[in-house]
Amino acid sequence: MLGAARAVLYAVIPAELLLGILLVSGVPLPGPVVVAAEAVVVTALALEAAVVSRLYRAERRRGPGRRAAARAVRDRLVPPKVSRLMMFDLHGMVSLGQWAARRRDGVPPGAVAVPYAGGQNPMLLMWLFAMAVEAAVLEFLLRGLGAPAGLRWLFLVLGIYSVVFVLASIAGGVTRPHVVTERELRVRYGVYFDARIPRELIASVRRVRNFDEDGPPVEVDGDRLGVVVGSQTNVLVELAGPVTVVRPFGGTAEVRSVRFYADDPEAAVASLRARPAARAA
């Protein structure tokens, strides 16, 4: 039943989106087609609701609380990568609120924040400007071509979402810096990556100058982790033992060295070299 519900849901959602696009675009559709499509959607939603209810009751009988049971049902129904993408969007919206409130995430009292947003914000601001201009130009063109209002609204919403997405990326970098505490080093990349490295496993730390990091922002090559900003890394941390990190889409890897970018690499290196007891005093 679970497999059937997934198959029906994943087939119906794209069809419903296509139908919605056609309707807002002003394309005339026969009434029976619309009625049949909506009947299929209602049936699929009813099937999904029945499956969710059944799974939730089964999880609750095993003993977890309501939230744990809901998470377990979500994990069974939604593919992990899709779930993580949804969480990225949610955390991005949270970061926008924190940015507006001038708050930072995960920086406790006494910790040293190590910003890196200065290395990526210029490029993101260029993207933000391009997205805003694109949305305005597209609306102007569609209006000039006499496109239906529904179609114009559809593209306007997509344009606004693109702008909000870039703003959330900027906010994520600003509000989620790397963090050095007495116990650990947190190496982060916005809402997409968060690695925790115990201080006792740090064997050495030094400043480096790598300007040719052409891979993805978070890359694992063998046992080496790179968290890149603007094709750069400037701090290298060597570890005495392996640390398990979770990649942005859920895969795990064991690493023994970490290189990352910091706006002020000298301050980052100094905070990591300082003895925790001395800094706590």
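Residues numbered from 1 in each chain as written. Predicted model: local features only at pLDDT ≥ 70, side-chain atom pairs only at ≥ 80, totals over all residues. Heavy atoms only, no water.

Participant: Can you help me understand helix H7 (residues 265-273) in this one?
Facilitator: Within an α-helix, residues lying three or four positions from one another point in the same direction, as the helix has 3.6 residues per turn. Restricting attention to buried positions, one finds in H7 the residues Pro265, Ala268, Val269, Ser271 and Leu272. Each buried residue of H7 sits inside an arc of 165 degrees when the element is viewed along its axis, so together they form one side. (Buried < 20%, exposed > 50% of the residue type's maximum accessible area, 1.4 Å probe, protein only. Helix = DSSP H or I, 4+ residues; strand = E, 2+ residues; numbered from the N terminus. Arc of directions from axis to C-beta.)

Participant: Teacher, can you tell me more about the pattern of salt bridges here?
Facilitator: Two side chains carrying opposite charge are able to pair once their charged atoms lie near each other. One pass over the structure, following the stated rule, counts nine salt bridges. What you see here is one network of salt bridges that share partners, running through Asp105, Arg176 and Arg188. (Salt bridge = Lys/Arg side-chain N within 4 Å of Asp/Glu carboxyl O.)

Participant: I would appreciate a short explanation of the nonpolar core in the present structure.
Facilitator: Soluble globular proteins tend to pack their nonpolar side chains together in the buried interior. In this structure, Leu185, Leu225, Val237, Val258 and Phe260 are the most contacted members of the largest nonpolar core, which totals 30 residues. The set of elements that each furnish at least two residues to this core consists of strand S3 (184-189), strand S4 (193-198), strand S5 (202-210), strand S6 (218-221), strand S7 (224-227), strand S8 (233-246), strand S9 (252-260) and H7. Not counting the four nearest positions on each side in its chain, phenylalanine 260 is found in contact with His178, Leu185, Val187, Val227, Thr233, Asn234, Val235, Val237 and Leu272. Grouped together as the second largest cluster of nonpolar side chains are five residues, Leu124, Leu128, Met131 and Ile170 included. (Core = buried A, V, L, I, M, F, W, Y, C linked by side-chain atoms within 4.5 Å. Contact = heavy atoms within 4.5 Å.)

Participant: Is there a simple way to explain the packing of aromatic side chains in this structure?
Facilitator: Aromatic ring pairs are described here by two measures, namely the spacing of the ring centres and the angle between the planes. Across all of its chains, the model carries four aromatic pairs by this definition. Seen from their ring centres, phenylalanine 88 and phenylalanine 249 are 6.1 Å apart, and the 70 degrees between their planes marks the pair as edge-to-face. Taken together, the residues span a long stretch of sequence, with phenylalanine 88 in helix H4 (residues 80-100) and phenylalanine 249 in the loop between S8 and S9 at a distance of 161 residues. Each member of the aromatic cluster is reached from another via a ring pair, and the members are Phe88, Tyr189, Tyr192 and Phe249. (Phe/Tyr/Trp six-rings, centres within 6.5 Å; stacked < 30°, edge-to-face > 60°.)

Participant: I'm lost on the sheet that holds strand S1 (residues 112-114) in this one. Help?
Facilitator: Read across the sheet, four strands follow the order S1-S2-S3-S4 without closing on themselves; strand pairing throughout is antiparallel. Here the strands that pair on one side only, and so sit at the sheet edges, are S1 and S4. The mean inter-strand angle of the sheet, taken between neighbouring strand axes irrespective of direction, is 15 degrees. Sheet topology note: the S1/strand S2 (residues 178-180) ladder contains three bridges and is antiparallel. Across the sheet, the residue bridging to alanine 113 is valine 179, located in S2. (Pairing = 2+ DSSP bridges. Axes fitted to C-alpha atoms, helices over the stretch in contact; angles between N-to-C directions.)

Participant: Just to check I follow, could you spell out the pairing of S9 for this structure?
Facilitator: Consecutive residues of a regular strand have side chains that alternate between opposite faces of the sheet. Here S7 pairs with S9 via four bridges, running parallel. Bridge pairing in S9 links glycine 226 to arginine 259. Here S8 runs beside S9; their pairing, made up of eight bridges, is antiparallel. Each residue of the ladder has a partner; that of glutamate 238, found in S9, is serine 257. Hairpin connection between S8 and S9: a loop of five residues separates the two successive antiparallel strands, and glycine 250 in this loop has a positive phi of roughly 105 degrees.

Participant: Would you explain the sheet that holds S6 in this entry?
Facilitator: The strands making up a sheet associate through hydrogen bonds between their backbones, and the pairing can be parallel or antiparallel. Read across the open sheet, the five strands follow the order S5-S8-S9-S7-S6; overall the sheet is mixed. Lying at the two open borders of the sheet, with one neighbouring strand each, are S5 and S6. Each adjacent strand pair in this sheet contributes to an overall mean axis angle of 35 degrees, direction not counted. Across the sheet, H7 touches S5, S8 and S9, and the angle it forms with S5 is around 175 degrees.

Participant: What's the story with the packing of H4 against helix H6 (residues 149-175) in this structure? I'm lost.
Facilitator: Angle between the axes and distance between the axes: these two values describe a pair of packed helices. Orientation of H4 relative to H6, taken along the N-to-C sense of each, is 70 degrees, at an axis distance of 8 Å. Here H6 runs roughly perpendicular to H4, going by the angle between their axes. In this structure, the crossing between H4 and H6 has a hand that is left-handed. Contact residues: Asp89, Gly92, Met93, Ser95, Leu96, Gln98 and Trp99 in H4; Tyr161, Val164, Phe165, Leu167, Ala168, Ile170, Ala171, Gly172, Val174 and Thr175 in H6. Among the residues making up the contact of H4 with H6, the classes are represented as 11 nonpolar, five polar and one charged. (Parallel < 35°, antiparallel > 145°, perpendicular 65-115°, else oblique. Left-handed = near helix turned anticlockwise from the far one by under 90°. Nonpolar A, V, L, I, M, F, W, Y, C, P; charged D, E, K, R; others polar.)

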